[in-house]
Amino acid sequence: MSPSAVTAAIYCRISKDRAGGGLGVARQEQDCREIAASLGWDISRVYVDNDISAYSGKPRPSYRELLEAMRAGHVQAVIAWHTDRLHRSPLELEEYIDISEKGGITTQTVKAGELDLSTPSGRAVARTLGAWARYESEHKSERGKRKQLQLATAGKFTGGPIPYGWEMVGKVPVIVEGDAVEIRKAVNSIIAGASIGSIVRDLNARGVLTRRGQVWTSTSVRNLVMRPTNAGLSSYHGEILGASVFPPIVSEDQWRTASAIVKDPSRRSAFDSKVKHLLAGMLRCGTCGGAMKTSSRMQGTSSRTTSHYYKCITRGDGHSFQTAAPVEDLVSKVTVAHLENQQSQGKMSFPDDEAKLAKLRTEALTLRGRLDESANSFADGIITAKQLETITTRVREQLDKTTASMSALGHGSPLPPPNVANIRDWWAAVGIERQRAIIDSIMAIYVDPIRKSAPRTFDPERIRIEWKTA
Ligand SMILES: [Zn+2]
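Residues numbered from 1 in each chain as written. Predicted model: local features only at pLDDT ≥ 70, side-chain atom pairs only at ≥ 80, totals over all residues. Heavy atoms only, no water.

Labelled according to an unreviewed UniProt entry, the protein appears under the name Recombinase family protein, originating from Arthrobacter psychrolactophilus.

Written out as structure tokens, the structure reads:
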């Protein structure tokens, strides 16, 4: 702890029966810690109460301890997820105000910002918007509202089997690290160009089982990769509603990119008829400019080796013919050298895309926050169901546009990410589909025919590479 920093306490309360109340204590704490970090505050202690029955006035031992610490001058600030976590009644609020005022203690909340209890107007606002108002309004039409809230409020875990990757500790979902490693591996493999099938084979070969103890199938792996829960997002009928109670395992960018790749039909058909030849469809005949197609034939009669060729679709003398291995090797080497060169010159970073992505990410967060806020306003009776619907529709339209732009950027460039340490290793591991995409994005390749008198050995001079300018 730095001596000058503000000493703050975090208070979390688990309560099940309120709007957003299913929010796990781990998530509450995480959000509170982020606020502390942004303000440069030191956390002295995290106080947690398990208070399922919010209305009963059940004692909260940790809350009492927090008040004692505040009275004793051990904390200068309190961070809570929402004011309604701190006080449940006007009486509790008055007590809290009294202690805060005497000790000059600041209160910060994740949802409602700073709670200004030092001025009369600030205290009046706290009293007016205090937690009890929520309870009263919710009590009135508890059953009907609860049903709609389940749809409108994001992030509630409504029961059913716990998804692969998490387990419930008490009422709180926490990450199972071993499972999370598999999820990250699968998502990253998809982004790197691996097929669903190769992930299925890898998981099953290592004896990794599904949540229900079964072997993996293409469908279960596809579903695993595409779950919004992976990025800590909750969804309803395929629509992203907001933050989930499940802590995220991969970033939202990673999840969107992997999902977009899995969803893309052209991509899926590429899995089914997997390309075997690195340069299939990419070589052109140096004589006529026509595409060269791949073919194979057994070498000799006794040998079982198969040789692969590229040859011009136009038959006859003067059109190109090329054995596959040497030209594939040459093009790979040229590509790796080119990428290394670009990287060393700092030309392979994507400052524009990165900045755009960051902007879109912020925008998406803001829009999700707005959805969350309007659901809360509805729960509080501040807006009507009709108004909620109008706001929700409008915000979701914007959110759709934003997320579409995010996925477009997410897999817009096939080039290696700027932080790759060793291009050569990356190239060797990245898979043929990504290699092909890179080659196709940077060069056109012409193969000149072999002269009648030329020796049978491979002559790199016959391969003419034309760079595609960006
Ligand atoms: Zn030709």
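There is more to say, and it comes next.
**What to know about the side chain of Gln-322**
Structurally, the position occupied by Gln-322 is in strand β13 (residues 321–323). Side-chain polar atoms of Gln-322 contact the side chain of Thr-323, separated by 3.5 Å. There is a polar contact of 2.5 Å between the side chain of Gln-322 and the side chain of Arg-462. Apart from residues no more than four positions distant in its own chain, Gln-322 is found in contact with Met-292, Tyr-309, Tyr-310, Val-327, Val-447, Phe-458, Arg-462 and Ile-463. (Helix = DSSP H or I, 4+ residues; strand = E, 2+ residues; numbered from the N terminus. Polar contact = N/O pair within 3.5 Å; in protein donor to acceptor, adjacent residues only side chain to side chain. Contact = heavy atoms within 4.5 Å.)

**Here we look at the pairing of strand β14 (residues 443–447)**
Only one face of β14 is covered, namely the face carrying Met-443, Ile-445 and Val-447; the face carrying Ala-444 and Tyr-446 is uncovered. As paired strands, strand β10 (residues 283–285) and β14 are joined by three bridges and run parallel to one another. Residue pairing for β14: Arg-284 is matched across the bridge by Tyr-446. As paired strands, β14 and strand β15 (residues 463–467) are joined by five bridges and run antiparallel to one another. Its bridge partner being in β15, Val-447 is matched across the sheet by Ile-463. (Buried < 20%, exposed > 50% of the residue type's maximum accessible area, 1.4 Å probe, protein only. Pairing = 2+ DSSP bridges.)

**Here we look at the coordination of the zinc ion**
The coordination sphere of the zinc ion contains the protein donors Cys-285 (SG), Cys-288 (SG), Cys-312 (SG) and His-319 (ND1), at a distance range of 2.1 to 2.3 Å. Coordination at the zinc ion comes from four donor atoms whose angles at the metal span 100 to 114°, giving a geometry best classed as tetrahedral. Sequence spacing of the donors to the zinc ion: C-x2-C-x23-C-x6-H. A relative accessible area of 39% means that Cys-288 is categorised as partly exposed. (Donors = N, O, S within 2.8 Å, 3.2 Å for Na, K, Ca; no water. Tetrahedral: all angles 85-135°; square planar, octahedral: opposite > 155°, others 65-115°.)

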